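Now for the letters of each chain:
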Amino acid sequence: MEDTKNVFNELKQRISGDVLDNELSRSIYSSGASLFRIKPLAIVQPKNRQDIIETIRFAGAHKIPLTPRGGGTSRAGNELGAGILIDFSKNLNRLLELNVQERWVRVEPGIVLADLNRQLKKHGLYFPIDPSTVDSATLGGMIANNSSGPHGVKYGTTRAHVRGLELVLANGEVMRTGTQRNNETDPAETAATGLAAAVRKTVPEIIKRYEPYLEEERPFTSKNSCGYHVWDLFDGDSFDLTPLLVGSEGTLAIVSEATLALSPIPQKALSGFVYLDDLDKVGEATQQILEEGPSMVEIMEKHILDLAREQRPELAQYFPENTEASLFIEFQEDSDELLQEKFARITKRLIDDNHLAVQVLQARNAADMKTFSKVRGISGPILNRMKGPRRPIAFIEDAAVHVSRLPEYISGLRRLFDRFQVKAAIYGHAGDGNLHTMAILDLRQPDDVKTMLELSEAVCELVLSLKGTVSGEHADGRLRSYYVQRQYPHLYEAMKEIKAVFDPDGLMNPGVIISGDENTLGHDLKFGPDFALVQTGSSFDKLVYQEQIENCSGCAKCRSYCPIANSSLQEWTKGRGKITLLRELTSGKLDPSILAEPEFKEVMDSCINCKRCLTECPSGVDVPWLAMAARTDYVRRKGEGLTNRVLTDTALLCKQGSLMAPLANFATSLGPVRWGLEKVLGMDAKRHLPPFHHQTLRKMMKTRPRSAGTKEAVFFLGCFGNYNDPEGEGLAVIEVLEHNGIRVIMPDLKCCGIARISAGGQDQILGDIEFNIAALKEYAARGLPIIFSEPSCALAVKNEYPRILDSDDARLVAGACIDIHRYLMDLHEKGELRTDFGRLDMKLGYHAPCHLRSLGVTTEPAELMRLVPGVEVQTYSDKCCGMGGTYGLKAKNYELSMKIGQRLFDEINESRVDQVVTGCGACGMQIYQGTARDSLPPLKILAMAYATAGKKVAVEVG
């Protein structure tokens, strides 16, 4: 490989896509969901097939290895490489053609499975393979790995659903697969060097030469992703290379398009649990269940059940004591009657006839189904959130055996864990004998790396003794390629020959599937014996931040819930990208001077502090906290920019706007004024601002009679409720609380400062934070609730203040904080909430703010509004509106902000509700921007209903 310092300038001129060869991008792409860390030379984000062709030709000319990458979700490490990474997820992610009648679709490789199925849903179709990474895995990656999932027992693996592929070969030729007669050539294929023709001629010859070993060495399993699939290529005198290419992990060619077979979306499903007290009965019980044609049979073994019972006591009823294994089963049928019959027969088979299970627990309704599904998916999150230096390590997580050998396999694993003195957990797909076994190790310890290698060898021997496969659905990658030769003593030679035909120079994802004689499992580890923390002179030298960084598993689920990542489709906007960058920094692989670079700041600014990580991240990583720490460090070094300094000083802006209202409102409605604001402050001229009120809530309360009340509560009045919506949000809180006999205390407080904190300016408002804690601590000490109507204010005081001050007073106050909706629902659940509501004949559409969700408040606002007679509440999808506090105000973010909110806007426009409701002023501003519809807070609905008790009124809505 030649010196590549300047060579990529040539490639940048040759393609329309992006070539990223800076240190920051290379660091961000140096890891994914696997154990490994390998920094690439460059990343290419192609925009079309020609870009792929040019990149491959460029790499061949300069002898640079190529590695295709989709969502970076592979546990096997096949998405990493030391040469050029081709990231398909950014641009090549479209649905190109759909045939509903024939049930097939043609797609680009970067399309994410969940996005594809979302587009197919309206046609009643979907791609039925469902890996756990459904929200972030691309179809290209699934094809590369031959992915499967929990429904594999019914639908098999990806290979069974791929009709044909368009490939770019190692010399840049384009080749299409599909059923063809021997020696038949696709006239559309180029033939400059005849590589496609050579492949079509030579590969069938190789397969036929090794035909005596095909069945002898084929694993006795229902799924297999080890090595190249050299079976099922011939059908009479026709052959199809598609099965061979599926599961080839980018080592033979690069997929540029795929044609996929689709399935009808199941009409009905019913799930349940089967509990067993004897591990030896698992195999027979599973086979009995398979006789009834289930769509899912998942296993959680004793160690997982014990952990779940300990960590999630609220779900303990689903993890009974003295249970050796639990099987989650699901059936899909066209009618409820058939589903009930299936479960009746299962119960008879497992309990009455064969005495295999001690209990069959069947879902009774949709709520049970939802809970059961939550319980089924608990294994990964429980393991990911383990504390301490030893973590669950995925290196023997994908072996599969025939279901009849499952008890032998699990018993064998337990013996090995005892022998190596390793704690481990077992779960996975019992229906096809594919277990995800996670050993608990600390790979920073050389002894644990040695244990990993020895245990991997022992598990391989165990699996092969049972005629199983070392790779069931995750592929070989860098984890298991060393064992492919052991899996196929003779067929491995055929696979080497096939590799040589497709990839004569060995540049296509080298070291994967076809590897050397050395086991490289212990090499290039993300957290290996050579990992060491260094001092950076930043916040990240503190242990609390380092622990957060190490907790990230790299799963990339953040791609699905992070509003910025989901819309920008850039790796650096994901939580994972930020964590990877910080890990490179704290381990000394990046110079600490990068902390003061604008590019680093841009990465960290792509977190809008929505806090979805707190509830969505399987590992519980608080990415917003880390991003805020980085921004704080940057501000300390560089100071605040003018835009942030002005736009995040919420209190000053509101006070000045209120003092000059209504003149300020008129001024900000004028085009020239808005243009000036954009030029000077960077606030987008298209942004509609909420009006300021000269008569604030605090002014109103000076002359308003106070209710005596039998109870007391403190109301933390936010800036929006005081200055922008005093007669709506602000007064509604007072009226609702007083109607319920609660005397409202409204102390004089400073702005919560959430905008300033989020932007990294916490030092500038430290005095305000200390003032608020001092003013609130006496109420908290008296046991009074501190109630918030603005979720961002609650988040600041409850979550951020204790971290900033690290004081007992701050923690005392945080413990007393509660959202108004949760507070009222608590009253209702105790029978203390007055329900003497007047009737309001209204259909409401409710949007849940991100910050409210992060506080653990989910259904409460809608449930409260449904208490009002005549009110119908439609809850919109749980998606961010895109405002992100001051993020959406800035001109540079406006378009992306609106793109994020578009799905919500469309849903609102299609809902035909009388009134949109949301509990966040910023969300309301964004909803108006995208739909031209005003919104009300939920408390205003309750206040209106109390006020109209006993009256018949016409309600004016917007």
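Let me sum up the structure you'll find in this document. Because the structure is predicted, anything quoted here is derived from the model rather than measured. (Residues numbered from 1 in each chain as written. Predicted model: local features only at pLDDT ≥ 70, side-chain atom pairs only at ≥ 80, totals over all residues. Heavy atoms only, no water.)

1. Some points on the side chain of arginine 69
Of note, arginine 69 is situated in strand E3 (residues 66-69). Take arginine 69: its relative accessible area is 2%, and that puts it in the buried class. At a separation of 3.4 Å, a polar atom in the side chain of arginine 69 contacts the main-chain carbonyl oxygen of serine 31. In this structure, arginine 69 is in contact with Tyr29, Ser31, Glu79, Leu80, Leu85, Ile86, Asp87, Phe88, Ser89, Glu571 and Arg576, ignoring residues within four places of it in sequence. (Helix = DSSP H or I, 4+ residues; strand = E, 2+ residues; numbered from the N terminus. Buried < 20%, exposed > 50% of the residue type's maximum accessible area, 1.4 Å probe, protein only. Polar contact = N/O pair within 3.5 Å; in protein donor to acceptor, adjacent residues only side chain to side chain. Contact = heavy atoms within 4.5 Å.)

2. Some remarks on the sheet that holds strand E6 (residues 104-107)
Pairing in this open sheet of five strands is antiparallel, and the strands run E5-E6-E13-E8-E9 from one edge to the other. The open sheet has two edge strands, strand E5 (95-99) and strand E9 (174-176), and neither has a second partner. The mean angle between the axes of side-by-side strands here comes to 15 degrees, regardless of whether they run parallel or antiparallel. Two elements, strand E8 (residues 162-168) and strand E13 (residues 254-261), share six bridges in a ladder whose sense is antiparallel. In the strand pairing of E13, valine 162 is matched with leucine 260. (Pairing = 2+ DSSP bridges. Axes fitted to C-alpha atoms, helices over the stretch in contact; angles between N-to-C directions.)

3. Concerning helix H34 (residues 766-781)
Helix length check: H34, at 16 residues, gives a terminal C-alpha distance of 22 Å against a target of 22 Å (1.5 Å per residue), a fit within 8%. Those residues of H34 lying buried are Ile769, Asn772, Ile773, Ala775, Leu776, Tyr779 and Ala780. The inward-facing, buried residues of H34 abut strand E22 (711-716), strand E23 (742-745), helix H33 (754-758), strand E24 (786-788), helix H35 (791-805) and helix H36 (808-816). At the C-terminal side of H34, glycine 783 shows a positive phi close to 85 degrees. (Expected span 1.5 Å × (residues − 1).)

4. What to know about the sheet that holds strand E2 (residues 42-45)
Taken together, the four strands give an open sheet; going across it, the order is E1-E2-E4-E3, and neighbouring strands pair in mixed fashion. Since the sheet does not close on itself, it has two edges, and those belong to strand E1 (18-20) and E3, each with one partner. Here the strands of the sheet are splayed against their neighbours by 20 degrees on average, with no regard to which way each runs. Taken together, the three bridges between E2 and strand E4 (residues 84-87) define a ladder with parallel strand orientation. Opposite valine 44, over in E4, you have isoleucine 86 as the bridge partner. Where helix H3 (residues 49-62) meets the sheet, it contacts E2, E3 and E4, and its direction lies at approximately 175 degrees from that of E4.

5. A look at the packing of helix H19 (residues 543-551) against helix H25 (residues 623-638)
Where H19 contacts H25, the two axes come as close as 10 Å, and the packing angle between them is 130 degrees. Between H19 and H25, the angle falls in the class oblique. Crossing angle aside, the handedness with which H19 passes H25 is left-handed. Here Val544, Tyr545, Gln548 and Ile549 of H19 lie close against H25, whose contacting residues are Trp625, Leu626 and Ala629. Class assignment of the residues belonging to the contact of H19 with H25 gives a composition of six nonpolar, one polar and no charged. (Parallel < 35°, antiparallel > 145°, perpendicular 65-115°, else oblique. Left-handed = near helix turned anticlockwise from the far one by under 90°. Nonpolar A, V, L, I, M, F, W, Y, C, P; charged D, E, K, R; others polar.)

6. Notes on the environment of isoleucine 594
Take isoleucine 594: it is sitting in the loop between helix H22 (575-586) and helix H23 (598-605). Judged by its relative accessible area of 12%, isoleucine 594 falls in the buried class. Remark: the alpha-carbon pair of isoleucine 594 and leucine 24, spanning 570 residues in sequence, is separated by 8.6 Å. Not counting chain neighbours up to four residues away, the residues in contact with isoleucine 594 comprise Leu24, Leu585 and Phe600.

7. Considering the packing of aromatic side chains
Taken as a whole and assessed by the stated rule, the structure comprises 16 aromatic pairs. Aromatic pair phenylalanine 540 and tyrosine 545: ring centres 5.6 Å apart, planes at 70 degrees, arrangement edge-to-face. Ring plane angle 20 degrees and centroid distance 4.5 Å describe the contact between phenylalanine 837 and tyrosine 946, whose orientation is recorded as stacked. Of this pair, phenylalanine 837 sits in the loop between helix H37 (820-829) and strand E26 (842-847) while tyrosine 946 sits in helix H42 (residues 938-947), and the two are 109 residues apart along the sequence. (Phe/Tyr/Trp six-rings, centres within 6.5 Å; stacked < 30°, edge-to-face > 60°.)

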